[in-house]
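Breakdown of the fold
Chain by chain, the residues run as shown.
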Amino acid sequence: MKKTIIKTAVITFAALIVACVTVFLIVSAVSPKTIGKIYYNLGMKSSAVRQYELQYENKGHAFSDLVDLTDIAISVGDEEKIARYGKTLAVDFKSKLKELSQREENSYGRNLYDFYATRTVEAAYRSAAPEKLGECVKIAVQTTEKYDSDSSLKFVVNLSVGNKDKNLAVCVYALFTKGEMNNISEGKEELAADMQKLDDTFGILQQSNNY
């Protein structure tokens, strides 16, 4: 009798495990983001980001999923993922992100679009190889329409000065002299002044012709 009870208990426990695994796999397939939330709450940050990434990649590349993916990457500090998906969000989905920015206040106390753009540029800078610094500058130019203290391009300028990064400054100045920033609609005088500041600080006028 006792053996029968133990055997029944073992079978029941095994069945529960199988059921839980089955439910987990079904939920993971249907809504990876749900599993990502569980992983995040458990402190499994990389696994959480991966589930959000699967949600975006396998469920139609929805804008809302891209925002969630970028948010979770920012939350856990995954610079490579922030740079990759933040660029998609701020450049490829620029219009939708600006619409979202107009509808919602950003909890970071800044314009939502400028926040994502700047954080993307920062991540691109942190994760880029030295020869790829120009990529973060190009993203900054693509995401700046008004050159002011909150713009991603202003952030890059300040970053180059603050970090004494001459290579970054040269990349910025080169795009300026090539007319890549002509589409910036506001703040052009401040932009020109900052470019002069970069030249005065780093002496890059001649070097920029090599980029």
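Model, not experiment: these values are computed from the prediction.

Criteria and cut-off values
Residues numbered from 1 in each chain as written. Predicted model: local features only at pLDDT ≥ 70, side-chain atom pairs only at ≥ 80, totals over all residues. Heavy atoms only, no water. Phe/Tyr/Trp six-rings, centres within 6.5 Å; stacked < 30°, edge-to-face > 60°. Helix = DSSP H or I, 4+ residues; strand = E, 2+ residues; numbered from the N terminus. Buried < 20%, exposed > 50% of the residue type's maximum accessible area, 1.4 Å probe, protein only. Lys NZ or Arg CZ within 6 Å of the ring centre and 35° of its normal. Axes fitted to C-alpha atoms, helices over the stretch in contact; angles between N-to-C directions. Parallel < 35°, antiparallel > 145°, perpendicular 65-115°, else oblique. Contact = heavy atoms within 4.5 Å. Disulfide = S-S within 2.5 Å. Salt bridge = Lys/Arg side-chain N within 4 Å of Asp/Glu carboxyl O.

On to the packing of aromatic side chains. On inspection of all chains with the given rule, the structure shows 4 aromatic pairs. Measuring from centroid to centroid gives 5.8 Å for Phe63 and Phe93, while their planes differ by 35 degrees, and the two rings are tilted. Taken together, the residues span a long stretch of sequence, with Phe63 in helix 4 (residues 63-76) and Phe93 in the loop between helix 5 (79-92) and helix 6 (94-103) at a distance of 30 residues. A residue is classified by how much of its surface remains accessible, and Phe63, at 15% relative accessible area, is buried. Residue classification places Phe93 among the buried residues on the basis of a relative accessible area of 18%. Ring geometry for Tyr173 and Phe176: centres 6.3 Å apart, planes at 50 degrees, overall tilted. Highlighted residues: Tyr173 and Phe176, both in helix 10 (residues 166-177), separated by 3 residues, approximately one helical turn. Its relative accessible area of 8% is what places Tyr173 among the buried residues. It is Lys98 that lies over the ring of Tyr113; its NZ or CZ is 4.2 Å from the centre.

Quick look at the packing of helix 6 against helix 7 (residues 112-127) now. As a packed pair, helix 6 and helix 7 sit with axes 7 Å apart at the nearest point and diverge in direction by 130 degrees. As judged from the angle between their axes, helix 6 and helix 7 are oblique. Residue-level contacts link Lys94, Leu97, Lys98, Leu100 and Ser101 of helix 6 to Leu112, Tyr113 and Tyr116 of helix 7.

This next bit is on the state of the cysteines. One pass over the structure, following the stated rule, counts 0 disulfides. Not part of a disulfide, Cys136 finds its nearest cysteine sulfur in Cys171, a span of 7.4 Å.

All chains considered together, the criterion is met by 15 salt bridges. A salt bridge links Arg50 to Glu57; the shortest N-O distance between them is 3.8 Å. Residue classification places Arg50 among the partly exposed residues on the basis of a relative accessible area of 38%. Salt-bridge contacts for Lys81 lead to Glu53; the nearest nitrogen and oxygen are separated by 4.0 Å. Highlighted residues: Lys81 in helix 5 and Glu53 in helix 3 (residues 45-58), separated in sequence by 28 residues. Of the two residues, Lys81 and Glu53, both sit in the buried class. Overlapping salt bridges, with partners in common, bring together Arg50, Glu53, Glu57, Glu80, Lys81 and Arg84 in one network.

The phi angle at His61 is positive, at roughly 55 degrees, despite the residue not being glycine. Along the chain, the position of His61 falls in the loop between helix 3 and helix 4. By relative accessible area, which is 41% here, His61 ends up partly exposed. For Lys164, which is not glycine, the phi torsion reads 55 degrees and is therefore positive. Note that Lys164 resides in the loop between helix 9 (152-162) and helix 10. Take Lys164: its relative accessible area is 72%, and that puts it in the exposed class.

This part covers the environment of Lys138. Relative to the assigned elements, Lys138 resides in helix 8 (residues 133-142). Exposure remark for Lys138: the relative accessible area of 46% places this residue in the partly exposed category. Linking Lys138 and Glu180, residues 42 residues apart in sequence, is a C-alpha distance of 8.7 Å.

By themselves, these observations are geometric and do not establish any function.
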